[in-house]
Amino acid sequence: MTTVLSAAPQAVATAVDLLVRGQVVALPTETVYGLAADATDAEAVARIFEAKNRPSFDPLIVHVRSWEQLQGVADVTEPLVHDLADKYWPGPLTFVLPKGDSIPDLVTSGSPHVAVRMPAHPFFREVLQAFGKPLAAPSANRFGRISPTEAGHVLESLGGKIPLILDGGPCSMGIESTIVRISEGTIYVLRDGPVSREELLRFGYPVSGASDSAAPGQLASHYAPRKSLSLVNSAADIPPEWHQESGFLAFKSPGKNDFGAIEVLSPTGDIVEAAARLFGCLHRLDAAPVARLWAERVPFEGLGRAIMDRLTRASVR
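Calculation notes
Residues numbered from 1 in each chain as written. Predicted model: local features only at pLDDT ≥ 70, side-chain atom pairs only at ≥ 80, totals over all residues. Heavy atoms only, no water. Pairing = 2+ DSSP bridges. Helix = DSSP H or I, 4+ residues; strand = E, 2+ residues; numbered from the N terminus. Contact = heavy atoms within 4.5 Å. Axes fitted to C-alpha atoms, helices over the stretch in contact; angles between N-to-C directions. Parallel < 35°, antiparallel > 145°, perpendicular 65-115°, else oblique. Left-handed = near helix turned anticlockwise from the far one by under 90°. Nonpolar A, V, L, I, M, F, W, Y, C, P; charged D, E, K, R; others polar. Phe/Tyr/Trp six-rings, centres within 6.5 Å; stacked < 30°, edge-to-face > 60°. Buried < 20%, exposed > 50% of the residue type's maximum accessible area, 1.4 Å probe, protein only. Lys NZ or Arg CZ within 6 Å of the ring centre and 35° of its normal.

**As for the sheet that holds strand 1 (residues 3-6)**
Judged by pairing direction, the sheet is mixed, and its 11 strands sit side by side in the order 1-8-2-3-7-4-6-5-9-10-11 without closing on themselves. Two strands close off the open sheet at either side, each with one partner strand: strand 1 and strand 11 (207-209). Of the strand pairs in this sheet, strand 5 (residues 93-98) and strand 6 (residues 113-117) are connected by four bridges, and their pairing is antiparallel. Counted as the bridge partner of Leu97 is Val114 from strand 6. Here helix 4 (residues 79-88) sits on the sheet and contacts strand 5, strand 9 (178-183) and strand 10 (186-191); the angle it forms with strand 5, its principal contact strand, is near 155°.

Written out as structure tokens, the structure reads:
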């Protein structure tokens, strides 16, 4: 049985009690809901993999409450890490850093590097403060499926598999954190997210895309609905005879349509609103009485690059 509690002091105390006993709990962050466990306890971390049905070769992000707590989790040798953290922590930026001795190999899938961030959501930070240790927390959903941005999404995906969901309302950003690795004065973006490459360029250092086995979310197929999803440039690319049986995810309002279901990311074309609504729209389309799904591409710049990363991975079968 899974209990859902509104985020309040009593709920935080309940969450901490479960964490102390090596259990997992779902917590809200500003990006998506996370499934948290003691990052220093390999058995507790194993329960994350079990609940999500997540393969052990996919590493987890460790969440810390302070720079002091970071010292036992990772080694920070690049000065640029401090500069970026001063700007974006607490917030949706994750660093891949050399792993500290306190973190079990299961967290990093055997890699000598660990992904770390400092979340901004007040309820997650309250739990971190009360618990006193870092928390490993991937998205709180079945592995490979649509990420959860509301407590109800977590309950639908993991109900009965975890003891507690702390309901902090809808996530404000709605898309997973940007992941970067710093090496020799270059910022390598391992996963696009709310902190865009264009923003990172303002620090005056080269910014490059890259892949890294130490970073989560690197699989070709990820964030996927149960139904088949295809990407199109516009609704005009979808044969009219397929409209009634299809769900369509539009970037902006497509005008008159005859789709079986439709969701609009942002009627005004606001890319920030589109990112915040992305996973919620996908959840609703996946639950609609249609046979297949289509998604309209968004502009591939700024935060749009992160949205297209999620949509592309969601469309791979």
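There's more to say after this.
**Here's the deal with the packing of helix 9 (residues 271-287) against helix 10 (residues 303-315)**
Their axes nearest at 9 Å, the elements helix 9 and helix 10 cross at an angle of 15°. Viewed along their axes, helix 9 and helix 10 adopt a mutual orientation that is roughly parallel. Taken as a pair, helix 9 and helix 10 cross one another with a handedness that is left-handed. Contacts between helix 9 and helix 10 involve Ile271, Val272, Ala274, Ala275, Leu278, Phe279 and Leu282 from the first element and Leu303, Gly304, Ile307, Arg310 and Leu311 from the second. Residues that form the contact of helix 9 with helix 10 fall into these classes: 10 nonpolar, one polar and one charged.

**Observations regarding the packing of aromatic side chains**
Applying the stated criterion across every chain, the model contains six aromatic pairs. Seen in terms of ring centroids, Trp67 and Trp89 are 5.8 Å apart; in terms of plane orientation they differ by 45°. Their pairing is tilted. Note that Trp67 is positioned in helix 3 (residues 67-70) and Trp89 in the loop between helix 4 and strand 5, a separation of 22 residues in sequence. Using a relative accessible area of 23% as the deciding quantity, one classes Trp67 as partly exposed. Arranged with centres 4.9 Å apart and planes meeting at 20°, the rings of Phe248 and Phe259 form a pair that is stacked. Remark: Phe259 occurs in the loop between strand 13 (246-250) and strand 14 (261-264) and Phe248 occurs in strand 13; sequence separation between them is 11 residues. Here Phe248 falls in the buried class, since its relative accessible area comes to 0%. Given the relative accessible area of 10%, Phe259 is considered buried. An aromatic cluster of at least three residues, connected via ring pairs, comprises Trp67, Trp89 and Phe95. Taking the ring centre of Tyr188 as reference, the NZ or CZ of Arg181 above it sits at 4.9 Å.

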